[in-house]
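Inside the fold
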Amino acid sequence: MVLVRLLALSLFHVCLVGCQPNSSQQASSPPGEQSPLGTDKLSFPWSRLRLPRYIIPLHYRLLLHPNLTSLSFTGSVQIQIDVQNNTNWVVLHSKGLQIFNATILNQNLAHLSDQVLPVLHNPSHEQIGIFSPRVLSSGQKYFLYIEFGAELVEGFSGFYKSTYKTSTGETRTLASTHFEPTSARMAFPCFDEPIFKANFSLRIRRSQEYISLSNMPIVKTFEVNNDLLEDRFAASVKMSTYLVAFVICDFKSVTATTSSGVQVSIYAAPEKWSQTHYALEVAVKMLDFYEEYFNIRYPLPKQDLIAIPDFEAGAMENWGLTTYRETSLLFDPLTSSVSDKLWITMVIGHELAHQWFGNLVTMEWWNDTWLKEGFARYMEYISVEATYPDLKVEEYLLHTCFAAVGHDSLNSSRPISSPAENPTQIKEMFDTVSYDKGACVLHMLRHFLTDDVFQSGIVRYLRKYSFKNARNQDLWDSLANTCSEEDFISGKHCYSSGQATKNAYLFAGEHLDLTAMMNTWTLQKGIPLVTVTRKGPRLLLRQDRFLRTVLPSDPLWPTLQKGFLWHIPLTYKTDASSTIHRHLMTTHTDSIHIGEEINWVKVNTDMTGYYVVHYEDDGWDEMTKLLRENHTALSYKDRTHLIHNAFQLVTAGHLPINKALDLIGYLQYETHTVPLIEGLGYLETFYRVIEKRNEPELTHNLGMYILRFFRAVIDQQTWSDSGSVSERRLRSEVISLACHLDDPPCLEQAHQSFKDWLQSNGTLNLPTDVAETVYSVGAQDDHGWTSLLHTYNVSLSAAQKYKILFALTCSRDTSKLERLLELGLEGTVIRSQDLSSLILMVARNPRGHHLAWSFVKKNWDTLVKKFQLGSFCIRNILIGTTGQFSSPEELAEVRLFFESIKEQTSQLRATQIALDNIQKNVRWIQRNLETLRNWVNEQMK
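All values reported here derive from a predicted model rather than from experimental measurement. (Residues numbered from 1 in each chain as written. Predicted model: local features only at pLDDT ≥ 70, side-chain atom pairs only at ≥ 80, totals over all residues. Heavy atoms only, no water.)

Rolled over the atoms, a probe sized like a water molecule indicates the empty space that remains. Here the second largest pocket is characterised by a volume of approximately 670 Å³. What lines the second largest pocket is a set of 28 residues, and nearest its centre among them are Cys 739, His 740, Leu 741, Asp 742 and Arg 812. Mapped onto the lining of the second largest pocket, the elements with two or more residues apiece are α15 (673-690), α16 (696-709), α18 (725-740), α19 (744-759), α20 (771-778) and α24 (835-844). Of the residues contributing to the lining of the second largest pocket, the split by class is ten nonpolar, eleven polar and seven charged. (1 Å grid on protein atoms, 1.4 Å probe; cavity = no way out; pocket = protein on both sides within 12 Å on 5 of 7 lines; lining within 4 Å. Points joined across faces, edges and corners; volume = space filled by probe spheres on them. Helix = DSSP H or I, 4+ residues; strand = E, 2+ residues; numbered from the N terminus. Nonpolar A, V, L, I, M, F, W, Y, C, P; charged D, E, K, R; others polar.)

By the burial criterion, the buried members of helix α25 (residues 849-858) are His 849, Leu 851, Ala 852, Trp 853, Phe 855 and Val 856. Buried residues belonging to α25 abut α23 (814-826), α24, α26 (860-867), α27 (872-882) and α28 (888-900). (Buried < 20%, exposed > 50% of the residue type's maximum accessible area, 1.4 Å probe, protein only. Contact = heavy atoms within 4.5 Å.)

The subject of this paragraph is the nonpolar core. Ranked by size, the top nonpolar core spans 316 residues in total, and within it Phe 188 and Ile 348 carry the most contacts. In contact with Ile 348, other than residues within four places in its own chain, are Ala 279, Val 282, Ala 283, Met 286, Leu 305, Tyr 324 and Leu 329. (Core = buried A, V, L, I, M, F, W, Y, C linked by side-chain atoms within 4.5 Å.)

Here we take up the sheet that holds strand β17 (residues 302-307). Reading across the sheet, the five strands line up as β15-β16-β17-β19-β18 and stay open at both edges, with mixed pairing between neighbours. Both outer strands of the open sheet, β15 (252-257) and β18 (315-316), are each paired with one neighbouring strand and no more. Note that β15 and strand β16 (residues 263-268) share six bridges and pair antiparallel. Along β16, the bridge assignment pairs Lys 252 with Ala 268. The sheet contacts of helix α2 (residues 338-354) involve β17, β18 and β19 (321-324), and relative to β19 the element is tilted by about 145 degrees. (Pairing = 2+ DSSP bridges. Axes fitted to C-alpha atoms, helices over the stretch in contact; angles between N-to-C directions.)

Counted under the stated rule, the structure contains 47 salt bridges. Here Asp 408 makes a salt bridge to Lys 437, at a shortest N to O gap of 2.8 Å. Of the two residues, Asp 408 is situated in helix α4 (residues 394-408) and Lys 437 in helix α6 (residues 432-449); the sequence distance between them amounts to 29 residues. For the pair formed by Asp 408 and Lys 437, the shared burial category is buried. Among the salt bridges present, the one from Lys 857 reaches Glu 893, with a minimum N-O distance of 2.5 Å. Of the two residues, Lys 857 sits in helix α25 while Glu 893 sits in helix α28, which places them 36 residues apart along the sequence. Residue classification places Lys 857 among the partly exposed residues on the basis of a relative accessible area of 27%. (Salt bridge = Lys/Arg side-chain N within 4 Å of Asp/Glu carboxyl O.)

What follows covers the packing of aromatic side chains. Inspection of the entire model under this criterion finds 50 aromatic pairs. Ring centres of Tyr 60 and Phe 200 lie 4.5 Å apart, and the angle between their planes is 10 degrees; this geometry places the pair in the stacked category. Here Tyr 60 is found in strand β1 (residues 55-67), whereas its partner Phe 200 is found in strand β10 (residues 199-207), with 140 residues between them in sequence. Each member of the pair, Tyr 60 as well as Phe 200, is classed as buried. Centroid distance Tyr 378 to Phe 454: 6.3 Å. Interplanar angle 80 degrees. Geometry classified as edge-to-face. In this pair, Tyr 378 is assigned in helix α3 (residues 370-387) and Phe 454 in helix α7 (residues 451-464), connecting sequence segments 76 residues apart. Overall, the relative accessible area of 0% leaves Phe 454 in the buried class. Each member of the aromatic cluster is reached from another via a ring pair, and the members are Phe 289, Tyr 290, Tyr 293, Phe 294, Tyr 298, Trp 356, Phe 357, Phe 375, Tyr 378, Phe 454, Tyr 461 and Tyr 465. Its guanidinium or amino end placed over the ring of Tyr 396, Arg 729 lies 4.2 Å from that ring's centre, counting from NZ or CZ. Seen from the ring of Trp 785, Lys 816 lies directly overhead, with NZ or CZ sitting 5.7 Å from the centre. (Phe/Tyr/Trp six-rings, centres within 6.5 Å; stacked < 30°, edge-to-face > 60°. Lys NZ or Arg CZ within 6 Å of the ring centre and 35° of its normal.)

Below, the structure is given as structure tokens:
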């Protein structure tokens, strides 16, 4: 699953097999008739959140009949089960379903009981228990048959309703599914845990004006009665319930075939069909690439990609039927920017990587969500670099790792592999740690092991666990080329686990225990800070936990450092040669011989390692000097890494802010876009925090300094879509910031472009790289704002709508901002799926930042109902609206609100992250505001 595109902003194990069911918990009986056996004499047989492991589902035969007029559905499921303990009970998942009846049949399809079987409900665990008067015998297979029904969900999980408007204003309805992580149980009763892989045979009934899609192709369609058709789909491969998908819609498609014969189709609302062609090209290329890279054929005959008008996430990897937000799949050459194109390419790369990582091999439990999400995020970079090198995707990997560092340097972070039991905790696993840190740790590992060893190791992992489940350890064993004694004896090309420690990759001549090393990255939270000091011919090294919320002088510091140690694959370069030197640091302190004659040393070459570097004594002065005198001695990645680390160290209290600001002084000579955007990004961040405080003079002076410092870069920009991807990305960023800082030439050009666009009645196509800025400037007066809202309403381009929505939130009129928030809450003009992004956009606006927070507090219960507690939408709303608060009063006020909702949020990590963020900002202001003021005044003389 891909999360929504945002503004730049120990293993737990429970033995269930053979455990005796607990009979102490009462549960509600199902609605409808009282069963002859009577549920009043029975107690719910199972007290745990995780299902018993002694009933294994083998095959689901599922019939569904959705009614898109009454917005409800009925269905039946026959589940073949393998019973591994004698029992009278079958416990499985069901949420929000009305169970009409349930029966159990033997292998000959004969009923075990002539009575209606009691069905007990345990809503708090989203489980039902079906009682069989006759014992189900260990070693036997049975069929569980259940009839059920429900309303189509008003939301984004389970089997839900979506709508779209045609250009004539007609509203059309479709029904779609989103099951990850725990919502298959909302569409049909099932064993809704990743380990219960089974085959699925689907039948869907629909009226003739619709089509139905699912994981597999349709093998037969026949008429049930006059207007009702039934589509029968081929049986699926063995897979987890969260990957099942079906859609009933009236969409149109475009189709092509991969070199190995897989049929690929892109589906969208009929009037958006013309926007599907780029995605088709990408999907075909990507599937061909992955089949070759993984050396494993894609196991299904087809792969459909469909743009769903209402979709909470960015996309979802359902096997053979991947679902997307429209902005993640549809490319309109007239309104989609180069950033939109890159986003679509990466999202498709992510979801198709999942067809192997996640679908073919699935984590045993959600505590290892990173095994699929970290891999899919990392494979975005590998696949796009291979298939679309002109998109320069490698320039974005640094920012993925910077995002991970930002999160991981707060005390509220978590280990990559973390316990998660209930649905809220499981939803929270889909976060920066699983995705971005997971990808960066894999990037470090790939560079450490070399590309070939990494690739052959993951192919070995995928082959060994195909159609099965895996854990962290299985990945390390595959990468280290180890295996079970049985595999070893059978002559497979691997080492026995007993030889694992001897199987040492020679890394700078040292032996390596890969599991021990990787456990330091996945089983403990946080990121290391490596402090480097030159002492004669030696480089002295010290590792600590890097924290941005607590200073070394703080009494809490020793407690928060205790027990943390990483095995760090260090890399470094010196001025003596172009060689990348390597050293594995496994102790708190260490040293390396580099020689007396070395002038400079840069640690963590190209930021291939996941750690922050601090150059002690006059180390940062040396780096500043190097950048001023000969910045091209370092790669653009190293230059960007230095800028990032310097400002992170400022926040953590290890470096004065003026040193970091002096370091980026060299940027007036910089020609590469990535370090330019990094340096500009920090100055913009400071500006955006300070403009939200009562600091008019500093806000003005800092804005003037930024415009003066980057004048040459600003003046070089053309208001067009010409140039390389990197140049176009820089253009978008620079022109946007210049107009935000009220740069007269920028505002003049934007006003003129907006006027031309208005006069053309929207027929003029603005250059896509600057359209958002032009709209934002145009939205400042009433007529412009109203015209944009009208265009937003009628536009058929999701990319254009996103740019206009951002522009509308740039208004300085708070009544307009309030109106937007109300429209988002109401959900018709601005869809509910865009509400969390809208709230964050309003919060970015200095006039809207307290407004957005007040809106969240006032509408908290409604927001939780819309998005569910553990969702990334709720997380983004909580962290995003408070992210630029920087006063002790704001911190106290947020804490008070969290206290008032603690019954809901006690299990949420997001509230602690939000508080950590504000605490970090408060300390940053206390430590750096005056120094920044003096430094800016000095520059302005």
